[in-house]
Amino acid sequence: MTKIRLLMTLFASALVLAGCALSPRQAVPAPIVFVHGNGDSASIWQTTIWRFESNGWAADRLHAIDLPYPLARDDDAVAQPGRTGTGDHMAFLRSEVEAVVARTGASQVILIGNSRGGNAIRNYIQNGGGEARVSHAILAGVPNHGIWSIKGVREGNEFSGLSPFIQRLNAPKPPDGNEVVPPVRWLTIRSDTNDKYAQPDGRWIERPGTPTNIGYDGPALRGATNIVLPRVDHRETGFSPAAFDVMFRFLTGRPPRAGALGVSDTVVLDGKISGLGLRSEDPASGDFANNLAVAGARIEVFETDAATGERRGPAVHRRTVAADGRWGPFDARPGTTYEFVIAADGYPVNHVYRSAFSRSSAVIHFRLLRAPATDKDAGAVVAMTRPRGYFDAERDRMSLGGMTPPPGVPPTGAGIATSRLRLDAVEPRTVTGEFNGERIAARSWSPARDHVVVIEMTY
């Protein structure tokens, strides 16, 4: 029995005692609203949504929000262009919940959040009327006591344990003095020691050797069911199979079906094309992430040879997106790999290579990227990214272009989610990325010719 399975057995009774959102006889599960983390989008919930669909939840009862400006302010009390405060975040979540309630007719919803998303969930339930609308709240890798708690260091930031925001959320609540609001049933999921944002040392906040005054147990909350998963990283607390197992048991009182993802004969894909905003009118000021649609962006989709990444013919889907940014629907072929090519004014051409899709999804979002200035002198650059987790050289089997570990991945710790391989040759070639059994082949394009190439891992 693996360590993770042993922990699942030990925690089973606690999960059942926490109360169920779906009894074995209940035909229609409560709607779930998924809340992404800092800088992320709804797309990060793709595989989690698939797992819930494969275990009894209808697609129209699974809703992932897209916060327009997903980055937190430097100081929560000070307005900042392109960023949101905790009040903005809560108001947006409340409006999304009300829309889901109106559409489904449900009296209550389940909220599941990763990282910063959990801050919004807690704020909504405690201060926005959510205690009446929410039956269960699941917080995965949420820095519930802050990422740092250092006097004089950005104390107004919502990730500081000394911030007024965090202090108010964690104030003891009646009747038991817990940190969570009744009657909502609460679950936290955390890593044992491998969450970059729950570390006693400031390595991942650019303060190596400085105590953060936050422990590995920072995400746990008094009054919640608190589960520990060995070796998972910050994002895997919400998006890994082990995390889904915990969530499903907490909500239903029973384990999910083996395999969990499921396979469909019909695969229809859709999503939104968003972009980057400039921090000021000066292009040199840098970019910030947002989830605003890029109207007028053009997308082409090509079938590829899974072994080489080469195109197998002309585009099988083309579209110029409208104001909503939606690029589909696209009827994909099960078992087929694709290259997604997106172009828009002000951006290089983005080439995104993905694994074959096993199920339909409406959250296949693409955020247009710009090449760093340091890449302009390279013959070609291929990035490998893992949106739902980080790279851990001590734990994972991975390579990029034959390099093991991939470039930039540190020898210890899980804190890097993107690796960039620089190539001297300008001529197109096949570059393969591999991560724990998932293998994606891409073709290189020269950044000097205004192209960005990304291998996006799904799992």
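Every value quoted in this text rests on a predicted model; they were computed, and no experiment measured them.

Engineer: I'd like a description of the packing of aromatic side chains, backed by residues and values.
Structural biologist: Scanning the entire structure with this criterion turns up 14 aromatic pairs. Measuring from ring centre to ring centre gives 5.7 Å for Phe244 and Phe248, while their planes differ by 40°; the resulting arrangement is tilted. Of the two residues, Phe244 and Phe248 both sit in helix 7 (residues 241-252), four residues apart, roughly one turn of that helix. Judged on exposure class, the residue Phe244 and its partner Phe248 are both buried.

Engineer: Please set out unusual backbone geometry residue by residue, giving values where relevant.
Structural biologist: In this structure, Pro183 follows Pro182 across a cis peptide bond, with omega equal to 0°. Geometrically, the link from Gly328 to Pro329 is a cis peptide bond, its omega value of 5° lying close to zero. Structurally, Pro329 can be placed in the loop between strand 13 (317-320) and strand 14 (330-332). In this model, Arg154 sits at a positive phi of 45°, which is unusual for a non-glycine residue. Along the chain, Arg154 falls in the loop between strand 4 (134-140) and helix 5 (164-169).

Engineer: Break down the environment of Thr237 for me, with residues and values.
Structural biologist: With respect to the element layout, Thr237 can be found in helix 6 (residues 236-239). On the basis of relative accessibility, which here comes to 0%, the residue Thr237 falls in the buried class. For Thr237 and Val142, which are 95 residues apart along the polypeptide, the C-alpha to C-alpha distance reads 9.0 Å. Apart from residues lying up to four places away in sequence, Thr237 is in contact with Asn114, Ala140, Gly141, Ile189, Arg190, Ser191, Val232, Ala243 and Met247.

Engineer: Give a description of the environment of Leu368 that names residues and reports values.
Structural biologist: Inspection of the secondary structure puts Leu368 in the loop between strand 17 (366-367) and strand 18 (380-385). Distance from Leu368 to Pro348, taken between C-alpha atoms, is 8.4 Å for residues 20 residues apart in sequence. Those residues in contact with Leu368 that lie beyond four places of it in its chain are Ile273, Ser274, Gly275, Leu276, Val294, Ile342, Ala344, Tyr347 and Asn350.

Engineer: So, helix 4 (residues 116-127): which residues are in play, and what are the values?
Structural biologist: The end-to-end C-alpha separation of helix 4 is 16 Å, in line with the 16 Å expected for 12 residues at 1.5 Å each. Of all 12 residues making up helix 4, 10 are buried, and the element is well covered by its neighbours. Just past helix 4, the residue Gly129 takes up positive phi, approximately 85°.

Engineer: Any details on the pattern of salt bridges? Residues and values, ideally.
Structural biologist: With the rule as written, the count across this model stands at 26 salt bridges. Close ionic contact of Asp66 with Lys272 constitutes a salt bridge, the shortest N to O distance being 3.4 Å. Separated by 206 residues along the polypeptide, Asp66 in the loop between strand 2 (62-64) and helix 3 (86-104) and Lys272 in the loop between strand 9 (267-269) and strand 10 (273-278) bring together distant segments of the chain. No difference in accessibility class separates Asp66 from Lys272, as the two residues are buried. Between Asp450 and Lys376 there is a salt bridge, with the nearest N and O atoms lying 3.9 Å from each other. Here Asp450, found in the loop between strand 22 (438-443) and strand 23 (451-456), pairs with Lys376, found in the loop between strand 17 and strand 18; they are 74 residues apart in sequence, far enough to count as distant. For Asp450, a relative accessible area of 37% corresponds to the partly exposed category.

Engineer: I'd love a proper account of the sheet that holds strand 13, names of residues and values included.
Structural biologist: Across the sheet, which stays open at both edges, the seven strands sit in the order 13-12-15-16-23-18-20 with mixed pairing between neighbours. Of all the strands in the sheet, just strand 13 and strand 20 (418-423) have a single pairing partner and so form its edges. Put simply, the sheet's adjacent strands are angled 20° from each other on average, direction ignored. Two strands pair when backbone bridges link them, and strand 12 (residues 298-304) and strand 15 (residues 337-343) are joined in this way by seven bridges, in the antiparallel orientation.

Engineer: So what's going on with the sheet that holds strand 1 (residues 32-35)? Which residues, and what values?
Structural biologist: Ordered by their spatial adjacency, six strands build an open sheet running 2-1-3-4-5-8, and the pairing between neighbours is parallel. Only two strands of the sheet have a single partner each, and these edge strands are strand 2 and strand 8 (225-229). Recorded for the sheet is a direction-independent mean angle of 15° between the axes of neighbouring strands. Here strand 3 (residues 109-114) runs beside strand 4; their pairing, made up of six bridges, is parallel.

Engineer: I'd like to hear about the side chain of Asp40, residue by residue, with values.
Structural biologist: The topology assignment puts Asp40 in the loop between strand 1 and helix 2 (46-53). In this structure Asp40 comes out as buried when scored by relative accessible area, which is 12%.

Engineer: Please set out the packing of helix 3 against helix 4 residue by residue, giving values where relevant.
Structural biologist: Contact geometry for helix 3 and helix 4: axes closest at 9 Å, N-to-C directions at 75°. It follows from the interaxial angle that helix 3 and helix 4 lie roughly perpendicular. Side by side, helix 3 and helix 4 meet where Thr86, His89, Met90, Leu93, Arg94, Val97 and Glu98 of the first sit next to Arg116, Gly117, Ala120, Ile121, Asn123, Tyr124 and Asn127 of the second.

Engineer: Could you give an account of the nonpolar core, naming the residues involved and the relevant values?
Structural biologist: In this structure, Ile32, Phe34, Phe52 and Ile112 are the most contacted members of the largest nonpolar core, which totals 29 residues. Secondary-structure elements contributing two or more residues to this core are strand 1, helix 2, strand 2, strand 3, strand 5 (185-191), strand 8 and helix 7. Counting residues per element, this core draws most heavily on helix 7, which supplies eight residues. With 27 residues, the next largest nonpolar core counts Val294, Ala297, Ala344 and Ile364 among its residues.

Engineer: Describe in detail helix 3, supporting the description with residues and values.
Structural biologist: Over its 19 residues, helix 3 runs 27 Å from end to end, which matches the ideal 27 Å to within 8%, given 1.5 Å per residue. Turning to helix 3, its buried residues are Thr86, His89, Met90, Leu93, Glu96, Val97, Val100, Val101 and Thr104. Take helix 3 and look down its axis: the buried residues cluster within an arc of 140°, on one side only. The inward-facing, buried residues of helix 3 abut strand 1, strand 2, strand 3, helix 4 and helix 5. Note on helix 3: the residue one or two positions beyond its end, Gly105, has a positive phi of about 80°.

What counts as what
- Residues numbered from 1 in each chain as written.
- Predicted model: local features only at pLDDT ≥ 70, side-chain atom pairs only at ≥ 80, totals over all residues.
- Heavy atoms only, no water.
- Phe/Tyr/Trp six-rings, centres within 6.5 Å; stacked < 30°, edge-to-face > 60°.
- Helix = DSSP H or I, 4+ residues; strand = E, 2+ residues; numbered from the N terminus.
- Buried < 20%, exposed > 50% of the residue type's maximum accessible area, 1.4 Å probe, protein only.
- Contact = heavy atoms within 4.5 Å.
- Expected span 1.5 Å × (residues − 1).
- Salt bridge = Lys/Arg side-chain N within 4 Å of Asp/Glu carboxyl O.
- Pairing = 2+ DSSP bridges.
- Axes fitted to C-alpha atoms, helices over the stretch in contact; angles between N-to-C directions.
- Parallel < 35°, antiparallel > 145°, perpendicular 65-115°, else oblique.
- Core = buried A, V, L, I, M, F, W, Y, C linked by side-chain atoms within 4.5 Å.
- Arc of directions from axis to C-beta.

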